[in-house]
Every structure is written in structure tokens, then in C-alpha cells.
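Summary of the model geometry
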Amino acid sequence: MTEEFHRIRRLPPYVFAEVNQAKAKARAAAEDIVDLGMGNPDSPTPPHIVAKLVEAVQNPSTHGYSASRGIPGLRRALAGYYARRFNVKLDPETEVVATLGSKEGLANLAAAISSPGDTILVPNPSYPIHQFGFIIAGASVRSIPHTPDDEMLSALDRAVRHSVPKPTALIVNFPSNPTGLMAGLDFYKEIVAFAKKHEIFVLSDLAYAELYYGDKVPPSILEVEGAKDVAVEFTSMSKTYNMAGWRMGFAAGNPRLIAALTRVKSYLDYGAFTPIQVASTAALNGPQDCIEDMRRLYRERRDVLVKGLKQAGWDVPVPEAGMFVWAPVPERYKHLGSVEFSKLLLARAKVAVAPGLGFGEHGDGHVRIAMVENTHRIRQALRGIRAFLATDNGGPVAEPAAAELVK
């Protein structure tokens with residue numbers, strides 16, 4: 001009775017736990033910690049969406065069990081979004097299912113399509129559910145490069161030739177969490193062709209579809225002709241409409257995969273609370289200017305954060321999309337690894353970040369910095385980071401103009 005459960009044994013210790021415990025201890029000691037660790041949007045849900053929720057919840061007929069696969073109007077609204085945004089036609093009856101966030105959808109589809117011993121191809125680093133959803137389901141995971149380029153395509157070819165049994169599914173996630181990298185339609189064409197050739201399903205995580213900063217707009221893999229023969233795509237209301245706690249997402253695409261997910265879900269849940277589904281329908285069908293407002297907010301935060309880090313002597317790449325800066329651990333701290341560096345940053349700079357190891361062993365040379373505080377708090381974090389980097393390496397970092405730190 002004391003032996004650890006089989007599936008729990010397959011899960012490593014929770015990498016973020018050490019940093020979270022240190023953060024909780026610091027806050028218990030009344031320290032002011034700027035938390036840039038968890039990707040939890042800090043802005044309110046747009047008022048017209050909240051108003052629709054309030055209206056729907058006042059109707060007693062919405063208080064019972066809902067539809068696990070999503071109410072018809074919500075599935076039609078998602079199909080309408082794909083038609084407008086990607087010029088992709090979806091059948092709301094057979095090619096769309098609502099999920100309790102994209103994370104739940106990915107995990108339940110992993111359970112639906114995996115057998116013990118199956119091999120799944122997963123980018124490393126990537127969002128933890130991409131690999132652990134399949135590990136919990138009993139499958140084995142093979143890591144591939146996380147960059148949407150020839151390196152990944154070559155690795156996929158090697159994986160097919162050298163994996164026994166042959167891989168059954170591939171995860172892609174662009175814009176990427178945690179790296180912010182984007183893929184173009186030509187890359188997706190290569191992925192679809194590869195998947196068809198080798199009879200492999202593709203699961204695309206497009207949760208950050210609307211959070212981009214330049215002229216390059218993230219495409220959907222379903223835009224590729226014939227993609228629905230092999231691919232299903234997950235989207236989410238969480239970041240697009242600041243609805244993270246509402247837990248509403250979708251899977252769309254290949255009818256066989258959608259049917260499998262729908263069937264598993266029918267045994268496990270009764271669907272999201274109907275007023276949440278009604279409000280989500282209003283979000284997808286209603287005014288979309290709130291999305292541009294959200295982009296503008298994160299673009300401002302990104303620019304302040306990246307500029308401030310570079311002024312502090314921490315050179316980081318500028319993300320094209322997403323709500324994170326994927327920052328390489330400064331050279332003089334690389335020997336510590338991402339977990340110990342994150343704990344040091346918390347203790348010395350009073351800033352919490354997510355250690356890259358939590359996204360896979362190939363992420364250990366980075367930390368993920370979330371843009372989930374206002375610019376005033378981000379500048380406070382930058383002052384702490386700057387002071388830490390200036391005093392901890394035995395030499396000062398050149399001071400920027402004072403106005404640059406307070407404006």
C-alpha cells in the first residue's frame with residue numbers, strides 16, 4: 001500500500017515547486033515580490049463578455065448540466081472565427097469540440113489516442129502538457145528541436161527512421177510557449193506533407209494565435225490544403241480575451257480526432273457552465289477591438305522589459321509573439337542551472353520567473369519571464385534585476401539615463 005502509483009512514478013518532481021515555495025516564503029515575510037513567473041493575464045475580461053455572462057447566469061434554465069462538446073451556438077462561433085481569421089471552413093458538428101481550456105483538451109486527446117508504448121514527437125522545450133499529457137496516458141515521448149526550421153524537419157525524418165514503434169503523433173506549438181517563436185505557412189505545409197507520408201497525426205497548439213507584435217501574423221496549420229486529413233488544432237479564450245480562469249478552449253480539425261476527444265470527454269465532464277459558453281459565444285461573435293487593445297498592452301510591456309534588461313547587461317531576444325521573454329541565463333550564472341538562478345533572482349532582485357527546466361531539459365539554460373504585470377511593476381522588477389546584476393558579479397554595469405528607468 002506504500003508503493004507509489006504507477007502513473008505518478010512517471011512524473012518527475014514539479015520543477016516550479018522550489019521557486020514557488022521560495023516565493024511564498026518571501027511573501028510571508030512581507031517582501032514585495034514582482035511575480036513574472038506564471039502566464040496569468042492580469043487584465044480584466046472585456047466588459048461586454050462579462051455582461052453576457054451576468055445576463056445568462058440570471059436565467060435559471062442555464063444552471064443545469066451543459067453540453068460536454070459545447071453548445072451549438074458556441075461551436076458555430078468558433079467555426080465563424082476560423083472562417084474570418086484563417087479562411088478555413090469547419091463543420092461545427094463534426095470538426096469542432098469545446099474544451100475546458102486547451103490544456104484539458106490536449107490531455108484528454110492524449111488519453112483518447114495513446115496506447116502504452118506509443119511514441120509521440122514533442123518539441124523540447126515546450127509547454128509541459130505537450131509531453132506529460134501523453135506520459136500520463138502511458139505513451140513514450142521523443143524530443144525534437146523546438147525551432148520551426150530545417151533542423152526540426154531533419155529531426156522528424158530521423159525520428160521516423162529510428163523509432164520503434166513508429167511515432168503516432170507530433171506536437172507543434174507556434175507561437176511557442178515558452179520561446180515566442182512563430183512558424184509560417186510554408187513550414188506547416190512541410191509538416192502536413194510529412195505527417196501524411198508517414199501516417200502521423202499532428203496536434204497543433206495555437207493558444208497564442210492573436211498575441212503577435214509585428215506584421216507577421218500567426219497562421220493556422222488548418223490553412224494548409226488537406227491538413228484536416230491529419231491535424232487537429234487547439235485554441236483558447238484565455239489569452240485572447242483575458243479569460244484564463246473561465247476555462248474555455250476548443251479543438252478543431254480532423255473529424256476522427258474530434259470524435260475521439262468528444263467521446264472521452266462525454267465520460268469525464270458535462271462541459272463548461274452554460275453561461276460561460278454563452279459569454280464565450282458573445283466574445284467570438286462580438287466586437288474584436290479588445291484584441292488589438294490587448295496586443296498594444298503586451299507590446300508596450302515587451303518593449304519596456306526587453307529594453308530594461310539589455311540596459312542592465314542582460315541581452316535577451318525580442319519575442320515576435322506570445323506573452324513571455326525566453327531569456328538565456330546570463331553567462332556567469334549558467335553553471336547554476338535555471339532553477340538555482342531563478343531562486344537567486346528571487347532572493348536578490350525580488351523578481352519571480354519560471355525556470356526553463358520546467359519546459360524540458362533543453363530549456364535549462366533559460367528562464368521564462370511573463371509580461372503579466374503593469375509597466376510600473378515591470379520597471380520595479382528591472383531596478384531589482386539591475387541592482388542584482390551590478391553588485392553580484394564584482395563589477396558595476398553602466399548606468400542608463402535616470403529618465404530611462406522612471407519614464
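None of the values given here were measured: they were computed from a predicted structure.

So, the pattern of salt bridges
- What the rule picks out here adds up to 23 salt bridges.
- Between E18 and K343 there is a salt bridge, with its nearest N and O atoms 2.9 Å apart. Taken together, the residues E18 in helix 2 (residues 17–28) and K343 in helix 12 (residues 337–349) connect sequence positions 325 residues apart.
- Looking at K343, the relative accessible area reads 26%, which means it is partly exposed.
- Where D42 meets R301, a salt bridge forms, and the shortest distance between an N and an O atom there is 2.8 Å.

Some words on the nonpolar core
- Ranked by size, the top nonpolar core spans 93 residues in total, and within it Y82, W314 and I369 carry the most contacts.
- In terms of domain composition, this core takes at least three residues from each of domain 1 (6–44 + 289–390) and domain 2 (48–287).
- Among all residues touching I369, those that are not within four sequence positions of it are L36, L305, L309, W314, M323, F324, V325, A327 and V353.
- Counting residues in hydrophobic clusters, the runner-up holds 18 residues, among them L203, A251, L257 and I258.

Quick notes on the domain arrangement of the protein chain
- Assigned domains of the protein chain: these are domain 1 (6–44 + 289–390) and domain 2 (48–287).
- On a C-alpha basis, the centroid separation for the pair domain 1 and domain 2 is 26 Å.
- Domain 1 puts 33 residues into the contact, and the matching count from domain 2 is 34 residues.
- Taken over both partners, the interface formed by domain 1 and domain 2 buries close to 3,000 Å², and the fraction arising from carbon and sulfur atoms is 59%.
- When the buried surface of domain 1 facing domain 2 is broken down by residue, R10, E320 and F359 rank first, second and third, together holding 21% of it.
- Our count for the domain 1 to domain 2 interface comes out at 2 salt bridges.
- For the salt bridge of E210 with R295, the shortest nitrogen-to-oxygen distance reads 3.0 Å.
- Taken together, domain 1 and domain 2 are joined by 11 residue pairs in polar contact (both at pLDDT 80 or more).

Re the sheet that holds strand 12 (residues 366–370)
- Taken in spatial order, the 3 strands line up as 9-12-11 in an open sheet, and their pairing is antiparallel. Two strands bound the open sheet, and with one partner strand each, they are strand 9 (324–328) and strand 11 (354–355).
- Across 2 bridges, the pairing between strand 11 and strand 12 is antiparallel. Across the sheet, residue P355 finds its bridge partner in strand 12, namely V367.

Details of the environment of A279
- Following the sequence through the fold, A279 ends up in helix 10 (residues 274–285).
- Along the primary structure A279 and I49 are separated by 230 residues, whereas in three dimensions their C-alpha atoms are 5.4 Å apart.
- When residues no more than four places from it in sequence are discounted, the contact partners of A279 are I49, K52, L53 and W246.

Some words on the packing of aromatic side chains
- Considering all chains together, one arrives at 13 aromatic pairs under this definition.
- Consider the rings of F16 and F359, whose centres lie 5.5 Å apart with planes at 65°: the pair is edge-to-face. Note that F16 is positioned in the loop between helix 1 (6–9) and helix 2 and F359 in the loop between strand 11 and strand 12, a separation of 343 residues in sequence.
- By relative accessible area, F16 is classed as buried at 14%.
- For the ring pair Y65 and Y270, a centre distance of 4.0 Å and an interplane angle of 20° mean the geometry is stacked. Of this pair, Y65 sits in the loop between helix 3 (47–57) and helix 4 (72–86) while Y270 sits in the loop between helix 9 (255–268) and helix 10; the two residues are 205 residues apart in sequence, bridging distant segments of the chain. Here the two residues Y65 and Y270 agree in accessibility, since each one is exposed.
- By the ring-pair criterion, three or more aromatic residues cluster together here, those being W314, Y333, F341 and F388.

A word on helix 11 (residues 289–311)
- Taking 1.5 Å per residue, 23 residues should reach 33 Å; helix 11 reaches 33 Å between its end C-alpha atoms and fits that length.
- Among the residues making up helix 11, those that are buried are C290, I291, M294, R295, Y298, R301, R302, V304, L305, V306, G308 and L309.
- Within two residues after helix 11, G313 carries a phi angle of roughly 90°, on the positive side.

Here we look at the pairing of strand 5 (residues 169–172)
- Neither face of strand 5 is exposed, since A169 and I171 on one face and L170 and V172 on the opposite face are all buried.
- Strand direction decides the pairing type here: strand 3 (residues 119–123) and strand 5, joined by 2 bridges, are parallel. Note that in strand 5 the partner of L121 across the bridge is L170.
- The sheet contact formed by strand 5 and strand 6 (residues 201–205) spans 4 bridges and is parallel. Note that in strand 6 the partner of I171 across the bridge is L203.
- Traced from strand 5 through helix 8 (residues 185–198) to strand 6, the parallel crossover comes out right-handed.

Looking at the sheet that holds strand 2 (residues 96–99)
- In space, the 7 strands of this open sheet follow the order 2-8-7-6-5-3-4, with mixed pairing throughout. The open sheet is flanked by strand 2 and strand 4 (140–144), the only strands paired with a single partner. Direction aside, the axes of adjacent strands within the sheet are offset by 20° on average.
- The pairing of strand 2 with strand 8 (residues 249–253) spans 4 bridges and is antiparallel. Bridge pairing links T99 to G249 in strand 8.
- Across the sheet, helix 5 (residues 101–113) lies against strand 2, strand 6, strand 7 (231–236) and strand 8, angled at about 155° from strand 7, the strand it touches most.
- Packing of helix 7 (residues 150–162) onto the sheet brings it into contact with strand 3, strand 4 and strand 5, and relative to strand 4 it is tilted by some 145°.

What counts, and at which threshold
- Residues numbered from 1 in each chain as written.
- Predicted model: local features only at pLDDT ≥ 70, side-chain atom pairs only at ≥ 80, totals over all residues.
- Heavy atoms only, no water.
- Salt bridge = Lys/Arg side-chain N within 4 Å of Asp/Glu carboxyl O.
- Helix = DSSP H or I, 4+ residues; strand = E, 2+ residues; numbered from the N terminus.
- Buried < 20%, exposed > 50% of the residue type's maximum accessible area, 1.4 Å probe, protein only.
- Core = buried A, V, L, I, M, F, W, Y, C linked by side-chain atoms within 4.5 Å.
- Domains from an automatic or database assignment.
- Contact = heavy atoms within 4.5 Å.
- Buried area = accessible area lost by both parts, 1.4 Å probe.
- Polar contact = N/O pair within 3.5 Å; in protein donor to acceptor, adjacent residues only side chain to side chain.
- Pairing = 2+ DSSP bridges.
- Phe/Tyr/Trp six-rings, centres within 6.5 Å; stacked < 30°, edge-to-face > 60°.
- Expected span 1.5 Å × (residues − 1).
- Right-handed = clockwise from strand over helix to strand, strands pointing away.
- Axes fitted to C-alpha atoms, helices over the stretch in contact; angles between N-to-C directions.

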